[in-house]
Amino acid sequence: MTHIDAGAELDPVHPVALPMTRSAGLTGAEVAERVTRGQVNDVPVRSSRSLGGIVRANVLTRFNAIIGVLWLIMLFVAPIQDSLFGFVILANTGIGIVQEWRAKQTLDSLAVIGEARPTVRRDGTAAEVATSEIVLDDLIEIGPGDKVVVDGVCVEADGLEIDESLLTGEADPVVKRPGDAVMSGSFVVAGGGAFQATKVGREAYAAQLAEEASRFTLVHSELRTGISTILKYVTWMMVPAAVGLVVTQLVVQSNGFKDSIARTVGGIVPMVPEGLVLLTSVAFAIGVIRLGRKQCLVQELPAIEGLARVDTVCLDKTGTLTEGGMDVTELRPLDGADEGYVRKVLGALGESDPRPNASLKAIIDACPDTEEWRCVESVPFSSARKYSGAAFSEADGEISTWLLGAPDVLLADGDPALAETGRLNEQGLRVLLLTRASRDLDDPEPARGARPTALVVLEQRLRPDAADTLRYFADQNVRAKVISGDNAVSVGAVAAKLGLDGTTVDARHLPADRAGMADALDRGTIFGRVTPRQKRDMVGALQSHGHTVAMTGDGVNDVLALKDSDIGVAMGSGSEATRAVAQIVLLDNSFASLPSVVGEGRRVIGNITRVATLFLVKTVYSVLLAVLVVCAQVAYPFLPRHLTLLSTLTIGVPAFFLALAPNKERAKPHFVRRVMRYSIPGGVVAGAATFVTYLVARDHYTGTGQLDAETSAATLTLFLVSMWILAIIARPYTWWRVTLVAAMGVAFLLVLAVPALQGFFALKLVGVTMPWTAVGIAVVAAAALEFLWKWVDRREALR
């Protein structure tokens, strides 16, 4: 069959179009010349920071500067064991750099797999090239789902419709004809054509936006913003406490200069939650690596965090619950139509579309084309219309116009064919209607008066992993909403086969106002006949009721909803447009990967919330101890080596394991408030108990070595209280969590029992009375912690 473009020039005598001259594009020599002149699309879109950027981000931090200065001071005035905290910081920084570098390598390798490769016509031959290889004046072919990667002017158009809503905010697709401008950042929703690149590289309209949107980032998330807020508060607390401590230890106390310096530094260092930022970065980086191994490309890092907060996931049926391919299972002629003739019509319709969708591909396979028919005019399928059409010059010269699409769109209410369609839809089958139109394709209502000719019955291939994935979401209290452009009854039958029960709704009957739509969405589960604009409105309506919404899809009709959702998830085989706007791309097209992504997000957020409490408890009790020491005008009870030991055993090592452990709890909002509600009472109890022990020990011990004995007793209380905080944070217990807590306790006992370690850390319990007193005070503090944190739990539950 000969296909004639809709934009072709018409002969005034014959009803057949004369084809336009097809441009061959640039020659190889012209491409080379433009490359030499630098007229290439050289926008440096990066998926991650450079190695230098990673090193700077991990080394040049405010708290590293504070710790670094204190470390240098301690190297000159105290034994090496009082400088251990500096070596810990070096190790932490190194771990952070290595993990983020590994994450960068994972992202970069996956980005190459998932990047768009436009089709460029050169020397008369079309070939895919990398976006960065496009040169000025290149002829770029585009079709449904393709993203416009550079600015240009339309040269060829075959029913070409482009959505520019991401740039202009205008939701309606724009019909493009030769000579019209096309802008980078827009995407094709129907038809096809070609445009000539007029602006490339940084001159392109959306180049800067694309660069920023595609760059791997560690910022702009509630978690990291919350941590920054916490660190700001910590800085405000540190400054006055540190100044008071310096004055007290150097002026008020009569200790030696070096010992005073050491105890001053010992009071300042633990105020800094130096490992919190590191563990957050490491947790995110390891999350990226783990997901990368499962072929999940995280295009925006906060997507890991966002999915942990999701309570509603909107699923597009085609490509998500079902595989992309379909099979024609039956052809049902209507009103005595000849099946052989119907097959010729369907074959011609299939050949008329240069970029057929899955339904049309199945029809092409079942109904081969005939060379005797010629396409005079065609209208490609679009999700908004729900049908495609074409006019043909048949073998005998007769002109006929045909429409192929949704029966409930093409037929009037009450038509007998709709009843038969409904019965097929109830079996989960997809049904298309072939009608012979009596009006031209450019008529405002081409379907009016059309004569139903045949029903095309298609069977969709269910994804084998879809049922398990839906069960996972149900178990995790994440509501699944199926949103599809197909017939609602058919979509409901497919969902039922996968075990998803709920009310089925025809989206054409949904309220237009946001509040009414939100109420309907809360009640319903499966929605059919949804237009692309409705998908976007439905996401907004769900968000207006406080839901965190994830949207999955692979087709161009999903782009607007993906863009507006909290988390957009695209299939790797989907259109360029969907991959461009989604935060996560499933490169292996496996819907079963979503539980891994959700689980990784919950692991990161839940565990960082846990370990943040550990770190900030230390900050609170350190500031409180400094204030109490200043008020009481006594020597600071600890040397840096003591708090380095305690931090390592009760925070550093346990936090690393806890931050990477499995965690299925859905993330809760208000990170800062929730962490501080636990950290402040925990820190106050720990600091108060430690200072009470210190004061009792000052009255109990006298003579040479008094301060060392007092320090050992205070250290014992602080360790026991910190261990109890760790035990609370580690709940619910598993074998490895119990082992972890027990191992930290055994390590501290070794320090107390081995003479060499006693001397190294200056820890030796003197007598029997004071050590048991320290234990008793710690037990009382542990009971107070249990009471306070349970009270906080009850308050949180009521919110």
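A. Representation of the overall build of the chain within the structure. The helix and strand tally for the chain stands at 27 helices and 24 strands. Across the 799 residues that make up the chain, the buried fraction comes to 57%. Restricting to contacts in the chain with at least 6 residues of sequence separation, those with at least 24 account for 73%. For the chain, the accessible surface area stands at approximately 32500 Å², while carbon and sulfur atoms represent 58% of it.

B. The side chain of Thr-453, seen in detail. The residue Thr-453 is located in strand 18 (residues 451-462) in this model. Here Thr-453 falls in the buried class, since its relative accessible area comes to 7%. Separated by 3.1 Å, the side chain of Thr-453 and the backbone oxygen of Arg-451 make a polar contact. When residues no more than four places from it in sequence are discounted, the contact partners of Thr-453 are Arg-332, Pro-333, Leu-334, Ala-337, Val-342, Trp-402, Leu-434, Thr-435 and Arg-436.

C. Representation of a nonpolar patch on the surface within the structure. A contiguous nonpolar patch, built from Leu-72, Leu-75, Phe-76, Ile-80, Phe-87, Leu-90 and Phe-760 and spanning about 700 Å² of accessible area, is present on the exposed surface. Those elements giving two or more residues to the nonpolar patch turn out to be helix 3 (62-77) and helix 4 (84-114). Sort the elements by how many residues they give to the nonpolar patch and helix 3 lands first, with three residues. If you trace the backbone, Phe-760 turns up in helix 26 (residues 755-761).

D. Main features of helix 18 (residues 532-544). Here helix 18 contains 13 residues, and its C-alpha end-to-end distance of 19 Å stays within 8% of the 18 Å for a straight helix at 1.5 Å per residue. Those residues of helix 18 lying buried are Pro-532, Gln-534, Lys-535, Met-538, Val-539, Gly-540, Ala-541 and Leu-542. Tucked inside the fold, the buried residues of helix 18 contact strand 12 (312-315), strand 19 (479-483), helix 17 (514-523), strand 21 (526-528), strand 22 (549-553) and helix 19 (559-564). With its phi angle positive at about 85 degrees, Gly-546 sits one or two positions after the end of helix 18.

E. The arrangement of the environment of Pro-640 in detail. With respect to the helices and strands, the residue Pro-640 is situated in helix 22 (residues 640-659). Separated by 370 residues in the primary sequence, Pro-640 and Pro-270 have C-alpha atoms spaced 8.4 Å apart.

F. Structural context of empty space enclosed by the protein. Going through the model one piece at a time under the given rule, you end up with four cavities of 30 Å³ or more. Considering only enclosed or pocket space, the largest cavity measures out at about 110 Å³ in volume. If you go around the largest cavity, you meet 14 residues; those closest to its centre are Ser-352, Asp-353, Ser-378, Val-379 and Pro-380. Classifying every residue of the lining of the largest cavity by side-chain character gives six nonpolar, six polar and two charged.

G. View of the pairing of strand 17 (residues 430-437). For strand 17, the tally of buried residues reaches eight of eight residues, placing the bulk of the element in the interior. Here strand 17 shows two buried faces, one formed by Arg-430, Leu-432, Leu-434 and Arg-436 and the other by Val-431, Leu-433, Thr-435 and Ala-437. As paired elements, strand 16 (residues 399-405) and strand 17 share five bridges and run antiparallel to each other. Across the sheet, Leu-403 pairs through a bridge with Thr-435, a residue of strand 17. Here strand 17 runs beside strand 18; their pairing, made up of seven bridges, is antiparallel. Residue pairing for strand 18: Arg-436 is matched across the bridge by Arg-451.

H. The arrangement of the packing of aromatic side chains in detail. Under the definition given, this model contains nine aromatic pairs. Arranged with centres 5.0 Å apart and planes meeting at 80 degrees, the rings of Phe-760 and Phe-761 form a pair that is edge-to-face. Classification of Phe-760 by relative accessible area gives partly exposed; the value is 31%. Taken together, the aromatic side chains of Tyr-341, Trp-373, Phe-392 and Trp-402 make up a single cluster linked through ring pairs.

I. Examining the packing of helix 22 against helix 24 (residues 706-729) more closely. One can describe the packing of helix 22 onto helix 24 by two numbers: an axis separation of 9 Å at closest approach and a directional angle of 10 degrees. As the angle between them shows, helix 22 and helix 24 are arranged roughly parallel. The segment helix 22 lies against helix 24, with His-642, Leu-643, Leu-646, Leu-649, Thr-650, Pro-654 and Leu-658 engaging Thr-711, Thr-715, Leu-718, Phe-719, Ser-722, Met-723, Leu-726 and Ile-729. Residues of the contact of helix 22 with helix 24, tallied by class, amount to 10 nonpolar, five polar and no charged.

J. Here's a closer look at the sheet that holds strand 19. Overall, mixed pairing links the eight strands, which are arranged 11-24-23-22-12-19-21-20 in an open sheet. Two strands bound the open sheet, and with one partner strand each, they are strand 11 (296-298) and strand 20 (504-506). In this sheet, neighbouring strand axes are inclined to one another by 20 degrees on average, regardless of whether the strands run parallel or antiparallel. In the sheet, strand 11 pairs with strand 24 (residues 584-586) via three bridges, with the strands oriented antiparallel. Bridge pairing links Cys-296 to Leu-586 in strand 24.

K. Focus on the pattern of salt bridges. Per the counting criterion, the structure on display carries 18 salt bridges. Each of Asp-408, Asp-506, Arg-508 and Arg-529 takes part in one network of salt bridges that share partners.

L. Fine view of the nonpolar core. Among the nonpolar cores identified, the biggest contains 126 residues, and Phe-671, Ile-725 and Phe-748 are the most heavily contacted of them. A total of 17 residues in this core trace back to one element, the largest contributor, which is helix 21 (residues 594-632). Discounting chain neighbours no more than four positions away, the residues touching Phe-748 are Leu-645, Leu-646, Leu-649, Thr-715, Leu-716, Phe-719 and Leu-763.

M. Structural detail: the packing of helix 23 (residues 671-700) against helix 24. Where helix 23 meets helix 24, the axes come as close as 9 Å, and the angle between the chain directions of the two elements is 155 degrees. One element, helix 23, and the other, helix 24, form an angle in the roughly antiparallel class. Helix 24 is crossed by helix 23, and the crossing has right-handed handedness. Counting all contacts with helix 23, which are made through Gly-682, Ala-686, Ala-689, Thr-690, Thr-693, Tyr-694, Ala-697 and Arg-698, the residues of helix 24 involved are Gln-706, Leu-707, Glu-710, Ala-713, Ala-714, Thr-717, Leu-718, Val-721 and Ile-725. Of the residues contributing to the contact of helix 23 with helix 24, the split by class is 10 nonpolar, five polar and two charged.

N. Region of interest: unusual backbone geometry. A cis amide bond links Arg-731 with the next residue in sequence, Pro-732, at an omega value of -5 degrees. For Pro-732, the position within the fold is in the loop between helix 24 and helix 25 (735-753). Phi at Asp-335 takes a positive value of approximately 55 degrees, unusual for a residue other than glycine. Relative to the elements of secondary structure, Asp-335 occurs in the loop between strand 13 (322-333) and helix 11 (339-352). Using a relative accessible area of 70% as the deciding quantity, one classes Asp-335 as exposed. Here Arg-529, not a glycine, exhibits a phi torsion of approximately 55 degrees, which is positive. Here Arg-529 lies in the loop between strand 21 and helix 18. For Arg-529, a relative accessible area of 7% translates into the label buried.

O. Examining the confidence of the model for the chain more closely. Summing up the model confidence of the chain, the mean pLDDT is 79 and the portion of residues at 70 or higher is 87%. Here residues 1-21 scores under 50 on pLDDT; set against residues more than four positions off or in separate chains, the count is 45 contacts. The low-confidence segment residues 208-220, where pLDDT is below 50, has 32 contacts with residues more than four positions distant or belonging to other chains.

P. Structural context of the environment of Thr-469. In this structure, Thr-469 sits in helix 15 (residues 466-475). Look at Thr-469 and you get buried, because its relative accessible area is 2%. Considering only alpha carbons, one finds Thr-469 and Ser-593, 124 residues apart in sequence, at a separation of 8.5 Å. The contact partners of Thr-469, leaving out residues within four places of it in the chain, are Phe-591, Ala-592 and Pro-595.

About the criteria used
- Residues numbered from 1 in each chain as written.
- Predicted model: local features only at pLDDT ≥ 70, side-chain atom pairs only at ≥ 80, totals over all residues.
- Heavy atoms only, no water.
- Helix = DSSP H or I, 4+ residues; strand = E, 2+ residues; numbered from the N terminus.
- Buried < 20%, exposed > 50% of the residue type's maximum accessible area, 1.4 Å probe, protein only.
- Contact = heavy atoms within 4.5 Å.
- Areas by Shrake-Rupley, 256 points an atom, 1.4 Å probe, with all protein chains shown as cover.
- Polar contact = N/O pair within 3.5 Å; in protein donor to acceptor, adjacent residues only side chain to side chain.
- Patch = residues over 30% accessible without salt bridge, like charges linked within 9 Å, V, L, I, M, F, W, Y side chains within 5 Å.
- Salt bridge = Lys/Arg side-chain N within 4 Å of Asp/Glu carboxyl O.
- Expected span 1.5 Å × (residues − 1).
- 1 Å grid on protein atoms, 1.4 Å probe; cavity = no way out; pocket = protein on both sides within 12 Å on 5 of 7 lines; lining within 4 Å.
- Points joined across faces, edges and corners; volume = space filled by probe spheres on them.
- Nonpolar A, V, L, I, M, F, W, Y, C, P; charged D, E, K, R; others polar.
- Pairing = 2+ DSSP bridges.
- Phe/Tyr/Trp six-rings, centres within 6.5 Å; stacked < 30°, edge-to-face > 60°.
- Axes fitted to C-alpha atoms, helices over the stretch in contact; angles between N-to-C directions.
- Parallel < 35°, antiparallel > 145°, perpendicular 65-115°, else oblique.
- Core = buried A, V, L, I, M, F, W, Y, C linked by side-chain atoms within 4.5 Å.
- Left-handed = near helix turned anticlockwise from the far one by under 90°.
- pLDDT = per-residue confidence, 0-100.

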